[in-house]
Amino acid sequence: MRYSSCERETNETRIKMSIDVDGTGVSEISTGIGFFDHMLTHVSKHGFMDIKIKAEGDIEVDCHHTVEDVGIVFGKCLNEAIGNKAGIKRYGNFIVPMDESLVLCAVDFCGRPYLNFDAKFTVDRLGDMDTEMFEEFFRAVCTNCGLTLHIKMLDGKNNHHIAEAIFKAFGKAVDMALSYDERIKGVLSTKGMLEGNK
């Protein structure tokens, strides 16, 4: 069972999270940031992961600490849940159309953290979330999961559609990468190992 439960508490945030990689897309998410909750629900639904998140943070300051810290815990929790990576496809990619918007997401669970985030927003906020925090969330996930992630906006005008396509594409790409292939013996690497193997 690929499941993990994690907690993190600082002077700025308190976060409890669980992830079941082999779920059905059921989520219970409460971060105090409505738009962020909406986006994380897409990751769960389209990635077929059961995700529970309860986060309390200093959102009276702004959303930065909460979003980044949720990304930290998400990355650690996901990394712990997937274990030694034996038998997984490792790579995943997906292109999501959301009306006029088109977003590509590609992932590699190689153990080497890297983010290439190429998406432009024409507004500073969507709901109660700063649009610059989308990149910070994914950077925190990559750093703490050992994930190589490329997100590229191929087209788009509506900022809500662009953001939604990003999170949906991420969920779909992760689902693909973490699926099993019976032809893979051990891990999918000519080195015989992936960085961060347990």
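Residues numbered from 1 in each chain as written. Predicted model: local features only at pLDDT ≥ 70, side-chain atom pairs only at ≥ 80, totals over all residues. Heavy atoms only, no water.

Draft legend 1. Broad picture of the packing of helix H1 (residues 34–47) against helix H4 (residues 159–177). Their axes nearest at 7 Å, the elements H1 and H4 cross at an angle of 35 degrees. For the pair H1 and H4, the sense of crossing is right-handed. Residues Phe35, His38, Met39, His42, Val43, His46 and Gly47 of H1 form the contact with H4, whose own contacting residues are His160, Ala163, Glu164, Phe167, Lys168, Phe170, Gly171, Lys172 and Asp175. (Axes fitted to C-alpha atoms, helices over the stretch in contact; angles between N-to-C directions. Helix = DSSP H or I, 4+ residues; strand = E, 2+ residues; numbered from the N terminus. Left-handed = near helix turned anticlockwise from the far one by under 90°. Contact = heavy atoms within 4.5 Å.)

Draft legend 2. Fine view of the sheet that holds strand S4 (residues 50–57). Read from one edge of the open sheet, four strands run S1-S2-S4-S3, paired in mixed fashion. The open sheet terminates on both sides in strands that have one partner only, identified here as strand S1 (3–9) and strand S3 (27–30). This sheet shows a mean twist of 5 degrees between the axes of neighbouring strands, independent of strand direction. Note: S1 against strand S2 (residues 13–20), seven bridges, orientation antiparallel. Paired with Tyr3 across the two strands is Asp20, which belongs to S2. Sitting on the sheet, H1 touches S3 and S4, and the angle it makes with S3 is about 160 degrees. Its contacts with the sheet put helix H2 (residues 64–82) on S1, S2 and S4, and the angle it makes with S2 is roughly 35 degrees. (Pairing = 2+ DSSP bridges.)

Draft legend 3. Structural detail: the packing of aromatic side chains. Summed over all chains, the structure comprises 10 aromatic pairs. Relative to Phe134, the ring of Phe35 lies with its centre 6.1 Å away and its plane at 50 degrees, an arrangement referred to as tilted. One end of the pair, Phe35, is in helix H1; the other, Phe134, is in helix H3 (residues 133–145), and 99 residues separate them in sequence. Judged by its relative accessible area of 8%, Phe35 is buried. The exposure class assigned to Phe134 is buried, which follows from its relative accessible area of 0%. A centroid spacing of 5.1 Å and a plane angle of 45 degrees characterise the contact between Phe121 and Phe134, whose relative ring orientation is tilted. Within this pair, whereas Phe121 is found in the loop between strand S7 (114–118) and strand S8 (125–126), its partner Phe134 is found in helix H3, the two being separated by 13 residues in sequence. In this structure, Phe121 and Phe134 share a single accessibility class: buried. An aromatic cluster is defined as three or more aromatic residues linked by ring pairs; in this entry it consists of Phe35, Phe36, Phe74, Phe117, Phe121, Phe134, Phe137, Phe138, Phe167 and Phe170. (Phe/Tyr/Trp six-rings, centres within 6.5 Å; stacked < 30°, edge-to-face > 60°. Buried < 20%, exposed > 50% of the residue type's maximum accessible area, 1.4 Å probe, protein only.)

Draft legend 4. Quick peek at the nonpolar core. Counting residues in hydrophobic clusters, the biggest one holds 59 residues, and the most contacted among them are Leu78, Val107, Phe109, Phe138, Leu149, Ile166 and Phe170. By residue number, the principal contributor to this core is H4, which donates 10 residues. (Core = buried A, V, L, I, M, F, W, Y, C linked by side-chain atoms within 4.5 Å.)

Draft legend 5. Just H1, in detail. Helix length check: H1 (14 residues) gives 20 Å between terminal C-alpha atoms against 20 Å at 1.5 Å per residue, within 8%. Positive phi shows up at Phe48, right after H1, with a value of about 55 degrees. (Expected span 1.5 Å × (residues − 1).)

Draft legend 6. Inspection of H2 at higher detail. The terminal C-alpha atoms of H2, which comprises 19 residues, lie 27 Å apart, in line with the 27 Å expected from a rise of 1.5 Å per residue. With 14 of 19 residues buried, H2 is to be regarded as a mostly interior element. Downstream of H2 by a residue or two, Gly83 has a phi angle that is positive, lying close to 65 degrees.

Draft legend 7. Fine view of the environment of Ile88. Residue position: Ile88 is located in the loop between H2 and strand S5 (91–98). Residues Ile88 and Cys110 lie 22 residues apart in sequence; the distance between their C-alpha atoms is 11 Å. Excluding anything up to four places from it in sequence, Ile88 contacts Arg2, Phe109, Ala177, Leu178, Ser179, Tyr180, Ile184 and Leu188.

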